[in-house]
Amino acid sequence: MPMVTINGVEVEVEKDVSILEAAAQAGFDVPHFCYHPALSAPANCRMCLVEVERAPKLLPACYNPVSDGMVVQTESEQVVRARKAVLEFILVNHPVDCPICDKAGECKLQDYYFAYDAQESRMRAEKQHKVKAYPIGPRVVYDGERCILCTRCIRFCEEISGTSELTLADRGDKIEVRTFPGQELDNDYSLCTVDVCPVGALTSRDFRFKCRVWLLTSTESICTGCSQGCNIHLDHFRNETQRYRPRYNSEVNDYWMCDDGRLTYKNLHTDRLLSPQHNGATDNWHTLTKSVAAKLEKQIKAHGEESIALVLSAQAACEDIFLAKLFHEEILGKKAQLYIAGKPSGKHDDFLINADKNPNRRGIEAVFAKLDGIKDVATLAGDITAGTIKTVYMMGTEFGEGDRSEAVAALKKCELFILQSTQGADLLDVAHIALPACTHAEKEGTFVNEEGIAQPFYKAYEPHGDSLPDWQIFMRIAKAMGKSTLNFTFLSKVQDRMFEATELLRKAEEEAAAAAKKAAEEAAAKKAEEEAKKAEESAAATEEPQDSTPS
Amino acid sequence: MEEKFLSRNFEIEKAYNLDIFEEHGGYSTLSKAFSMDTDTIISEMKKSNLRGRGGAGFPTGVKWSFMPRDSDKEKYLVINADEGEPGTFKDRYIMELDPHRLIEGCVITAYTLGLRTGYIFVRGELQHAIRRLERAIKQAYEKGHLGKNIHGKGFDFDLYVHSSAGAYICGEETGLIEGLEGKPGQPRMKPPFPAIVGVFGHPTLVNNVETIASVPFIIERGGDFWASLGIEKNGGPKLFGLSGMIKKPGVYEAPCGITVRELLERFGGGMLDGSDLKAFIPGGSSCAILKPDALDAQMGIETMREAGSSMGTGCVTFIDHTTCMVRLATRLAHFYHHESCGQCTPCREGTGWAYKVINSIEAGRGRPEELELLLDICDSIQGNTICAHGDSLAIPVRSYIKTFTEEFEDHIKHQRCPFKPWRTGKSKSKVSSAA
Ligand SMILES: Cc1cc2nc3c(=O)[nH]c(=O)nc-3n(C[C@H](O)[C@H](O)[C@H](O)COP(=O)(O)O)c2cc1C
Ligand code: SF4
Ligand code: SF4
Ligand code: FES
């Protein structure tokens, strides 16, 4: 492995890494625009030029690989002068409209300008004018004057989304990013171009002029758009989510996320169910939990546990599902029927987008270890109509692949329908009781993605209205029903119990699987033994006469 | 009179026709080359001290030896005929008057390095040259100098003419390769060099028209002979295109090492009557400008570098006392700004900025601090770009300012161009302030 010296610091690095990456390992940040760790390096911005001993010119650190014994200066006088010059050049035709630019505050050009250039403009002539506020795609707007022509967006579309809509057109200082004729920037990941754009040349039509970025607080979270579980920064201001941005995770989503998922944040604020409802009238938690408890007890007494349906949502977090499981075992009774619900499946591709539009189906599997006793929600309508189900306690408002209107019609006939959800949707009018749950932005929890990776998400702001995390709602009702076993003071206590329980379940599963395997092996061995015996016998039978022939 | 090589056929009528070309000994070197060992040919090329005639002056034999020889990958020959540098007009003479010489050189080169396909990448504006080349190639195919099993030697070589879409930057060898592949002419980062990754990702030899047109002579007479015609490290004769305020502008053949004074006096017929030599550009507009005191510098890569400029393409422009240096610099900056591909920051933004500043000085609106600014811009561009196009603006502009500082200062001090007494910046600003 080559040894290189960067600003006097010796580091040993992998073969073929670039000088820029080696410098990062030695603890030096080389300023750059066109370089992006997930994209090829065209070395066109010239921001990363560094001094390499015995090289006749400065070299772009993003492009040149290290070699053994290389001596590099990333902050020498010559380097800093070149860097300053590149910044000055970029600003020659730049509109410097930071006060109205959405990127201000997270713009590489602004940051580097303050770090290295910070001088008055020496440019007196008319600037080159280019296209402004051009809708380059349905979700992205392009500003040619702010563009520094780093081609990151073009390379994203070529190398990551594979859609290649973008190119450079014209030349010299008239050069611009454009779509190929007859195309627009409309792929499932088009908003990632806004993330990779180091300046404010590409802006999200959704986020434009909405909020200054320095007002945003960022919380680590998970996208709930599908079962991929892309890691995100959930950026919020005054208790409202303003946008999602992908958060790097090499195991799950790299630097990217899809446009549909990114825009799901809007659901966090639309048509929320914000207060408990009793037969269409607003109620408070205190009295309502009591009524719920009384009603559930009455229904159990009247029709037995088996007449009650508890519908689990694949949209809910593991912790919520775990409490639902305890609620089922200890409150409703083990004979109560379990159903699994979630959003119907949708489009998928071979990159990030999964067909399962729920973030936590695998989480339900993890909590219950096996799904044998759990029915699909599509069968619920039939069970109600057949009269086996009289009471429905439902998390969320989704019916999976089931027929929605049929399900709603059936629920109308239920003796008791309790809805526990973030939104009421068309079920609010049908529900006898509606319990407001909070969104994943308003609580902490865990989702297990398609690959089986458990990923935490964190609380960004307080729950809206009177909403509560699902797990707390289950606890309140349990308490109202006089069962104190479901009592956790903190989420961490829930998690401890959950991990303990799932671990036990997992072990039991494993043991069962091992036992089954052993049994199968034994059976196979026995069979083989028998067959061998048989073959021996038949061979002996045929051999005997042969033996006898010569004699 | 010295023996002529490259311009041997220029005076012969219709030498661009195959029969006339052959009558005068054309294609006779092919059989000699085919009887030679390819290693011997490369060593003859090295001995000849032939330097690339495209401007950079890289030793041709050395460049050939960089081509991988044992790989089975298809390899390409590309002839750089994009001649677009202002003041340079020698390659078109070869293509228009002696196209078969270039083809002959191509066949020898391809045979030596095992190249199966060649492209002549011609500047789009040179339509006449393109037609002559296409006709010559057709004739050469008919006579079996190109195509399958050339001269029965079991060696195949196809040659095509590619017309450029018209951008100066496609003369830069990697911009040319992009253009040949059908993409916008945006030069590539080096390394990898074309000899390793060139056209369509294959090893490619890129040589200038004049470079390859010299090859048959080196085969005919030997590398040592060619070297003996020039000076140290600069072998052979070459074509010199003379232009400017001289009596006999045109293309002349002379050995490397000839002085600029000799070129001017012996071939160019001296300055026009009434014209005094003020300066000259030795090898195309991207070279630094020199004053008459450098007239005795020899035309060679190293000798011109010592004189403070470069030999470039060897096409000299003579400038007389009526020419405004600021105006000349403006024109030149305009050209390099207009032709920048726009890929990399210093060239894309710096060339335009430099043009605007010089233009405002020429228009009588300059400020004293702007000379310093211009030199700063040049320093910040030079050496910091992907290709040498940025340098092509920085080097001459810096040299104009440094060599003719007073003239620039005059423009700024008097707020007008002293060569245009009828036009002042002042009156212009009066009009605008009144409006
Ligand atoms: C901006 C630019 C323009 C160039 N234009 C030409 C050209 O028109 N013709 C040419 O032969 N070489 C041109 N060159 C030089 C080529 O890049 C290359 O060095 C040459 O084709 C190599 O051939 P040679 O070794 O035979 O000289 C240009 C270089 C630059 C940087
Ligand atoms: S739009 Fe942004 S990402 Fe694309 S080239 Fe311009 S600056 Fe770079
Ligand atoms: S130096 Fe100029 S011409 Fe060359 S790659 Fe950069 S922008 Fe293009
Ligand atoms: S980051 Fe290296 S040249 Fe742009």
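All figures in this text were calculated on a predicted structure; none of them were measured in a lab.

**What about the overall build of chain B?**
In terms of regular secondary structure, chain B is built from 19 helices and eight strands. Here the C-alpha coordinates of chain B stretch approximately 80 × 45 × 35 Å along the principal axes. By residue count, 56% of the 435 residues in chain B fall in the buried class. In chain B, once contacts between residues fewer than 6 apart in sequence are set aside, the share between residues at least 24 apart is 70%.

**Let's talk about the sheet that holds strand β19 (residues 391–395) of chain A**
All names here are of chain A. With mixed pairing, the eight strands of this open sheet are ordered in space as β15-β14-β21-β20-β19-β16-β17-β18. Each edge of the sheet is formed by a strand with only one pairing partner; in this case those strands are β15 (281–282) and β18 (374–376). Sheet topology note: the strand β16 (residues 308–313)/β19 ladder contains four bridges and is parallel. From the neighbouring strand, Ile 308 faces β19, where its bridge partner is Thr 391. Contacts between helix α8 (residues 318–332) and the sheet are confined to β16, β17 (337–341) and β19, with β16 contributing the most and set at about 170° to the helix.

**Quick notes on the interface of chain A and chain B**
The partner chain B presents 23 residues to the 25 residues of chain A that form the contact. At six residues, the largest contribution of residues to the side of chain A that touches chain B is made by helix α2 (residues 77–92) of chain A. Broken down by class, the residue content of the side of chain A that touches chain B amounts to 16 nonpolar, four polar and five charged.

**Observations regarding the domain arrangement of chain A**
Partitioning chain A into domains gives domain 1 (1–92) and domain 2 (277–503). A straight line from the C-alpha centre of domain 1 of chain A to that of domain 2 of chain A covers 54 Å.

**A word on the site of ligand 3**
Residues and elements named next belong to chain B. Residues in close proximity to ligand 3 total 14 residues, the closest being Cys 341, Cys 347, Thr 385, Cys 387 and His 389. Residue assignment for the shell around ligand 3 shows that the elements contributing at least two residues are α15 (345–362) and α17 (389–403). The residue inventory of the shell around ligand 3, partitioned by class, reads seven nonpolar, six polar and one charged.

**Brief notes about the site of ligand 1**
Residue and element names in this part refer to chain B. Gly 52, Gly 54, Gly 171, Asn 208 and Thr 211 are the nearest of the 24 residues found near ligand 1. Element by element, the count of residues in the shell around ligand 1 is highest for strand β4 (residues 204–208), at three residues. In the shell around ligand 1, the residues fall into six nonpolar, eleven polar and seven charged. Residues from two domains meet in the shell around ligand 1; each of domain 1 (18–227) and domain 3 (325–424) gives at least three.

**Things to note about the sheet that holds β4(B)**
All names here are of chain B. Taken together, four strands build an open sheet; the order of strands is β3-β2-β1-β4 and the sheet is parallel. Each edge of the open sheet is held by one strand with a lone partner, namely β3 (158–163) and β4. Strand after strand, the sheet turns through a mean of 20° between neighbouring axes, direction not considered. With respect to the sheet, helix α6 (residues 99–113) is in contact with β1 (76–81), β2 (117–122), β3 and β4, its orientation differing from that of β1 by roughly 150°. Contacting β2 and β3, helix α7 (residues 127–142) crosses the sheet at an angle of about 165° to β3.

**Here's the deal with the environment of B:Ile120**
All names here are of chain B. Along the chain, the position of Ile 120 falls in strand β2. Since 26 C-beta atoms lie within 10 Å of it, Ile 120 is described here as buried. C-alpha of Ile 120 to C-alpha of Asn 80: the two residues are 40 residues apart in sequence and 6.5 Å apart in space. Among all residues touching Ile 120, those that are not within four sequence positions of it are Ile 79, Ala 81, Leu 133, Leu 159, Val 161 and His 162.

**Looking at the environment of B:Ser310**
All names here are of chain B. Note on placement: Ser 310 falls in the loop between α13 (301–306) and β8 (316–320). Residue classification places Ser 310 among the buried residues on the basis of 20 C-beta atoms within 10 Å. Each C-alpha atom, one on Ser 310 and one on Lys 420, is 31 Å from the other, the two residues being 110 residues apart in sequence. Non-local contacts of Ser 310, meaning those with residues more than four positions away in its chain, are made with Pro 282, Gly 283, Cys 287, Met 304 and Arg 305.

**Here we look at the domain arrangement of chain B**
Residue and element names in this part refer to chain B. Each domain of chain B was delimited in the assignment, giving domain 1 (18–227), domain 2 (239–320) and domain 3 (325–424). The straight-line distance from the C-alpha centre of domain 1 to that of domain 3 is 36 Å. Taken together, the eleven residues of domain 1 in the interface contact eight residues of domain 3.

**Topic: the pairing of strand β21 (residues 433–436) of chain A**
Residues and elements named next belong to chain A. Here β21 shows two buried faces, one formed by Ile 433 and Leu 435 and the other by Ala 434 and Pro 436. The pairing of strand β14 (residues 277–278) with β21 spans two bridges and is antiparallel. In the sheet register, Gln 277 faces β21, and the bridge partner there is Ala 434. As paired strands, strand β20 (residues 416–421) and β21 are joined by four bridges and run parallel to one another.

**Some points on the packing of α15(B) against α17(B)**
All names here are of chain B. One way to put it is that α15 packs onto α17 with a least axis distance of 9 Å and a crossing angle of 30°. Judged by the inter-axis angle, α15 sits roughly parallel to α17. In this structure, α15 crosses over α17, and the sense of that crossing is left-handed. Every residue of α17 that contacts α15 at Pro 346, Cys 347, Gly 350, Thr 351 and Ala 354 is listed here: His 389, Gly 390, Leu 393 and Val 397. Residue classes in the contact of α15 with α17 are distributed as five nonpolar, four polar and no charged.

**Side note on α2(A)**
Counted at 1.5 Å a residue, the expected span for α2(A) with its 16 residues is 22 Å, and the 23 Å between its end C-alpha atoms agrees. When we look at burial in α2(A), the residues that qualify are A:Val79, A:Ala82, A:Arg83, A:Ala85, A:Val86, A:Leu87, A:Glu88, A:Phe89, A:Ile90, A:Leu91 and A:Val92. The inward-facing, buried residues of α2(A) abut β3 (49–52), β5 (71–73) and α3 (108–117) of chain A together with α15 and α16 (370–381) of chain B.

**Here we look at unusual backbone geometry**
In this model, B:Lys190 is joined to B:Pro191 through a cis peptide bond whose omega is -10°. Structurally, B:Pro191 can be placed in the loop between α8 (173–180) and β4. For the peptide bond that leads from B:Pro191 to B:Pro192, omega is 0°, which places it in the cis range. Not every positive phi belongs to a glycine, and A:Ala118 is a case in point at roughly 40°. Checked against the element boundaries, A:Ala118 lands in the loop between α3 and β6 (134–135). The exposed category is assigned to A:Ala118, around which 10 C-beta atoms lie within 10 Å. Notably, B:Phe200 is not glycine yet its phi reads approximately 50°, a positive angle.

Parameters at a glance
- Residues numbered from 1 in each chain as written.
- Chains lettered and ligands numbered in written order.
- Predicted model: local features only at pLDDT ≥ 70, side-chain atom pairs only at ≥ 80, totals over all residues.
- Helix = DSSP H or I, 4+ residues; strand = E, 2+ residues; numbered from the N terminus.
- Buried ≥ 20, exposed ≤ 12 C-beta atoms within 10 Å, placed from the backbone.
- Contact = placed C-beta atoms within 7 Å.
- Pairing = 2+ DSSP bridges.
- Axes fitted to C-alpha atoms, helices over the stretch in contact; angles between N-to-C directions.
- Nonpolar A, V, L, I, M, F, W, Y, C, P; charged D, E, K, R; others polar.
- Domains from an automatic or database assignment.
- Near = placed C-beta within 6 Å.
- Parallel < 35°, antiparallel > 145°, perpendicular 65-115°, else oblique.
- Left-handed = near helix turned anticlockwise from the far one by under 90°.
- Expected span 1.5 Å × (residues − 1).

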